[in-house]
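Descriptive analysis of the structure
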Amino acid sequence: MDILSIIGLILAVGMVLFGIMFDSDTTRVVLGNLQAFWDYPSLAITIGGTIGVMMLSFPPSAFKKIGKHMQIIFRPQKFDPRQSIQQIVELATEARMKGLLSLEDKLNEIDEPFLHNSLMLVVDSVDSEKVKAAMETELDQLDARHALDRSFYEKAASFAPAFGMIGTLIGLILMLGNMQDVNALASGMAVALITTLYGSLLANIVCLPVASKLKARHEEEFLCKQLVMEGVIAIQEGENPRYIEEKLYKLLPAHMKLGKEEEEGPEEENGTPRRFGRRKKNNQDKRS
């Protein structure tokens, strides 16, 4: 469960409601203020209009994914780059000691489809260039598919304020057409202002945050799959597991690299990590 997303949603909605209900003169919360911000025609224009144009813009399959996207946001699958690197290093060690065919016994223990399918190609002795091309194609398709999912909410975020403006124009027309009727004037003004509010809230509390969170989830998954791709190719080429580990860690973001350096221990005076310092010292001993 992503507690931060839940807290963020509650905080955003709560602060808007607090701003509506709080009376600064009496320093009290007035629930009756909510009535002034509830208007059925405005809801129909903004939410109904946005849903309508989304139906025109996207196929039914895009709407079927909404539930899955909510699960990705609030109950995301964990993607740990360090765990991916550790798994790759273990497989590389196994392949270096017993050969690539020994990885066939490990396939049943791998639940991640991308890694499983890639290693299967390696075990089947497929050319490394073809393996890399297949993995890159799958990553490109993943990137395109996730970009399309994000565009669904980004489009909704652009449509919602537009329908808010349409509601504003409708309200102004009603207001200006009935200048002599005070009640119609007030009603038209309410529709004119509330539709803009509804459109802004729908875009900035729902659609844009969902698109942003989906992008963050995509980057987490994409990074792990990139590490898998580079690791599998390195395993197939028979590279040293220690070198593979260093190579993959260099692909991590800066804050993850910093965490790895802290785990390795303090640095020597020349700024070299301790384990590299020991290796350098050993080499000097051999030369002497």
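Residues numbered from 1 in each chain as written. Predicted model: local features only at pLDDT ≥ 70, side-chain atom pairs only at ≥ 80, totals over all residues. Heavy atoms only, no water.

Regarding unusual backbone geometry
- Not every positive phi belongs to a glycine, and Ser 125 is a case in point at roughly 65 degrees.
- Examined against the element boundaries, Ser 125 turns out to sit in the loop between helix H6 (113-123) and helix H7 (128-177). (Helix = DSSP H or I, 4+ residues; strand = E, 2+ residues; numbered from the N terminus.)

Digging into the nonpolar core
- Formed by 31 residues in total, the largest nonpolar core has its most connected members in Leu 115, Leu 119, Val 232 and Ile 235.
- For this core, the secondary structure elements donating two or more residues are helix H5 (81-98), H6, H7, helix H8 (182-236) and helix H9 (241-249).
- Discounting residues that sit within four places of it in the chain, Val 232 has contacts with Ile 88, Leu 115, Ser 118, Leu 119, Val 122 and Met 135.
- Counting 14 residues, the second largest nonpolar core, distinct from the first, contains Ala 62, Phe 152, Cys 207 and Ala 211. (Core = buried A, V, L, I, M, F, W, Y, C linked by side-chain atoms within 4.5 Å. Buried < 20%, exposed > 50% of the residue type's maximum accessible area, 1.4 Å probe, protein only. Contact = heavy atoms within 4.5 Å.)

Some remarks on the environment of Ala 12
- With respect to the helices, strands and loops of the structure, Ala 12 is situated in helix H1 (residues 3-21).
- Among the residues examined, Ala 12 registers a relative accessible area of 30% and is labelled partly exposed.
- Separated by 189 residues in sequence, Ala 12 and Leu 201 have C-alpha atoms that sit 9.8 Å apart.

Points about the pattern of salt bridges
- One pass over the structure, following the stated rule, counts 8 salt bridges.
- Notably, a salt bridge pairs Lys 213 with Asp 2, separated by 3.5 Å at the nearest N-O pair. Of this pair, Lys 213 sits in helix H8 while Asp 2 sits in the segment before H1, placing them 211 residues apart in sequence.
- Overall, Asp 2 belongs to the buried group, its relative accessible area being 13%.
- A salt bridge links Lys 225 to Glu 221; its shortest N-O distance comes to 3.9 Å. One end of the pair is Lys 225 and the other is Glu 221, both in helix H8 and 4 residues apart, which spans about a single turn. Assigned by exposure class, Lys 225 and Glu 221 land together as buried.
- Look at the salt bridges and you will find they share partners, linking Asp 2, Lys 213, Arg 217 and Glu 220 into a network. (Salt bridge = Lys/Arg side-chain N within 4 Å of Asp/Glu carboxyl O.)

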